[in-house]
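Observations on chain architecture
Listed below are the residues making up each chain.
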Amino acid sequence: MKYILVTGGVISGVGKGVIASSFGTLLNSCGIDVTSIKIDPYINIDAGTFSPYEHGEVYVLDDGGEVDLDLGNYERFLDVTLHRDNNITTGKIYKQVIEKERRGDYLGKTVQVVPHITDAIAEWVERVAHQPVKGTTQPQVCIVELGGTIGDIEGMQYVESFRQFQFKVKRENFCCAHVSLVPMPKATGEPKTKPTQNSVRELRGLGLSPDLIVCRSEKPIGNEVKEKISNFCHVATEQVICIPDLASIYHVPLLMEEHGVVDFLAERLQLNIPNPRPSYFMRDWRDLVQRVEGIRQEVDIALVGKYTKLEDAYASVTKALQHAATANGYKVNLKFIEACHLEEQTKKVDAVKYHEAYKQLCLSRGVIVPGGFGSRGIEGKIKACQWCRENNIPILGICLGLQAMVIEFARNVLNLENANSTEVDPNTPHPLVIDMPEYHPGDMGGTMRLGKRTTIFKDGESNIKELYGNPKTVNERHRHRYEVNPKYVEDLEKCGLKFVGYDEEKTRMEISELNPKQHPYYVGTQFHPEYLSRPLKPSPPFVGLIRAATKMTTSKKDPNSALKLTQTDESSGDDEIESQKFSRLKKPTPPNGEMNGDMNGHINGHGSNDEVEK
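Now for a look at the structure at hand. (Residues numbered from 1 in each chain as written. Predicted model: local features only at pLDDT ≥ 70, side-chain atom pairs only at ≥ 80, totals over all residues. Heavy atoms only, no water.)

1. Let's talk about the pairing of strand β7 (residues 174-181)
- For β7, the tally of buried residues reaches seven of eight residues, placing the bulk of the element in the interior.
- Looking at chain direction, strand β1 (residues 2-9) and β7 are connected through seven bridges and run parallel. Each residue of the ladder has a partner; that of tyrosine 3, found in β7, is phenylalanine 174.
- As paired elements, β7 and strand β8 (residues 212-217) share five bridges and run parallel to each other. Of the residues in β8, the one forming a bridge with serine 180 is cysteine 215.
- In this view, the connection linking β7 to its parallel neighbour β8 by way of helix α7 (residues 194-205) has right-handed handedness. (Buried < 20%, exposed > 50% of the residue type's maximum accessible area, 1.4 Å probe, protein only. Helix = DSSP H or I, 4+ residues; strand = E, 2+ residues; numbered from the N terminus. Pairing = 2+ DSSP bridges. Right-handed = clockwise from strand over helix to strand, strands pointing away.)

2. Here we look at the sheet that holds strand β14 (residues 419-421)
- An order of β14-β15-β18 is seen for the three strands of this open sheet, with the pairing classed as mixed. The sheet terminates laterally at β14 and β18 (482-484), the two strands that pair on one side only. Strand-to-strand twist of the sheet, defined as the mean angle between neighbouring strand axes without regard to direction, takes the value 25°.
- In this sheet, β18 lies alongside strand β15 (residues 430-435) in antiparallel orientation, the contact comprising three bridges. (Axes fitted to C-alpha atoms, helices over the stretch in contact; angles between N-to-C directions.)

3. A few points about the packing of helix α5 (residues 113-129) against helix α6 (residues 156-169)
- The geometry of α5 relative to α6 is characterised by a closest axis approach of 9 Å and an angle of 65° between their N-to-C directions. Considering their axes alone, α5 and α6 lie roughly perpendicular with respect to each other. At the point where α5 passes α6, the crossing takes the right-handed sense. Residues Val113, Val114, Ile117, Thr118, Asp119, Ile121, Ala122, Val125 and Glu126 of α5 form the contact with α6, whose participating residues are Gln157, Tyr158, Glu160, Ser161, Phe162, Gln164, Phe165 and Lys168.
- Split into classes, the residues belonging to the contact of α5 with α6 amount to nine nonpolar, four polar and four charged. (Parallel < 35°, antiparallel > 145°, perpendicular 65-115°, else oblique. Left-handed = near helix turned anticlockwise from the far one by under 90°. Contact = heavy atoms within 4.5 Å. Nonpolar A, V, L, I, M, F, W, Y, C, P; charged D, E, K, R; others polar.)

4. Thoughts on helix α9 (residues 251-258)
- With six of eight residues buried, α9 lies mostly within the body of the structure.
- Those residues of α9 that sit buried are Val252, Pro253, Leu254, Leu255, Met256 and Glu257.
- On its buried side, α9 packs onto α1 (16-29), α3 (70-78), β9 (240-244), α10 (261-268) and α11 (283-294).
- Count one or two residues on from α9 and you reach glycine 260, which has phi positive near 80°.

5. Considerations on the pattern of salt bridges
- Considering all chains together, one arrives at 31 salt bridges under this definition.
- With its nearest N and O atoms 2.7 Å apart, the salt bridge here joins glutamate 101 to arginine 102.
- For arginine 102, a relative accessible area of 66% corresponds to the exposed category.
- Measuring nitrogen to oxygen at the nearest pair gives 2.6 Å for the salt bridge that ties arginine 508 to glutamate 483. (Salt bridge = Lys/Arg side-chain N within 4 Å of Asp/Glu carboxyl O.)

6. Here's the deal with the sheet that holds strand β2 (residues 34-40)
- Here seven strands make up an open sheet; going across it, the order is β5-β2-β6-β1-β7-β8-β9 and the pairing parallel. Each of the sheet's edge strands pairs with one partner strand only, and the pair in question is β5 (87-89) and β9. The average undirected angle you get between the axes of adjacent strands in this sheet is 20°.
- Its contacts with the sheet put α5 on β1, β2, β5 and β6 (141-146), and the angle it makes with β2 is roughly 150°.

7. Description of unusual backbone geometry
- Backbone torsion omega between valine 114 and proline 115 reads 15°, so that peptide bond is classified as cis.
- Tracing the backbone through its elements, the reader meets proline 115 in helix α5.
- Phi is positive for aspartate 79, which is not a glycine, with a value near 55°.
- Inspection of the secondary structure assignment puts aspartate 79 in the loop between α3 and β5.
- On the accessibility criterion, aspartate 79 (34% relative accessible area) is partly exposed.
- One non-glycine residue, asparagine 392, lies in the positive phi region at around 60°.

As structure tokens, then:
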């Protein structure tokens, strides 16, 4: 087994996740099977109880593991299926060691950081590195990303563990890549290497010598800067790689390949990689980058969420939208709308925010209502669902989004006054959404319905079923505590809201939709389809949203009405919506993301949870 350790310096969020994923992408393209491990030095057992404002979204794996969102990067880049043990936390390590101590496994010895904690880390890495992540094939290379920055007290035990580990596995099987920031102060206009020098000096002082130094910078740095880093950091000039801010993170593997990373790894780790590479090397990846670069059309999508101040809180959703848009020849112009701003209470206290939120909602050609927990913002999500249903705007509701669609439909079509979720109003007279039987109040960690589950499609025609290719079942990942009350399903379906997918017991409603003849795209999923979206395999529900949104055009019925979108021919709609829409609202700058903006926004993230924020 070969190991590549990726460490970071100067600041957190410098880009280790995408750099680590890019190493794997290059090796995968050479026919080398790769697995990845993310180490998070926090004491939490997993990412499941984090607020989304801590590190961003929680990424959910097939086995139900709630992990750091960097594992989402690994799965998307490498197209592998990781496990909960691919995310190591200090909480997991200490829990394991303490359990051994309680059983008497240490035979009465004093339990210490060295050797017991450091040995537990090394044993965990070796064990997980051999687990298959693509079929039954055992990986040849394990890429380990150490979260945080070198010098953090939380990460010292991991650095010491890998200092010992490199000698255990031998030099030809261990390589260290250090990712560091090279700032460019506006006052001087030139790159500064001192932070990188200090970071590498500290890393070497702790017993790890980097074989590669990956310099993150706002702009490309010249050879003189690379030579300076080489002189002071004890590496050859060709082992200093510059990755500036790029228009798309898909460029990163290609740029690293241009710097000779594949040849270096082949020699350093004694990998059997042919040189020159075959003609198909990175072909799909290059085609993807060319397709992204060649896109000129844009589609405006609004995301109505609770945590829009931190875009990484919806990292997988935004990436899934971009994957689907690219497959359809569009770029996503994503607008984040705070759900609270659509509520009547905001209108009373801040009318500007209220009307601005509705203006953005009205100007969008498609809407997505993602998941979340707690009561805050739920009425705003319900208002967004009502707007889309009544004005024929394509909408995709995910998890809490589906629940908001059901509540809205019950209130305004079934006329069930005060219909609600028991999560929001435990005393509601019409509990359209209820907690699951197995949910245990008071214990938040890992008690939800988590991981990949089977959804069975009903017989008959269905918009969403057709997008999946008309299968009988589909497997998607879940993360929820509440679900649609089966007592109201029959009444909802009689009035037009069909539940076309359910679980294996046929008691949990998984997919809802309005008839395509009544609405261009009104779909809700209890599962989270964003977790299985890939750059070359976009998620079907997101593809459906983008397709419907790009077929919309404006309809002026009277000058005082808001924009109302109706289904029409795609080719005739583009020019019309551009002329009418952008004359009324200046086009906003797209948020930093996978295809829009530089890498700083989403190049490296962490895990999160929003259930504890009410």
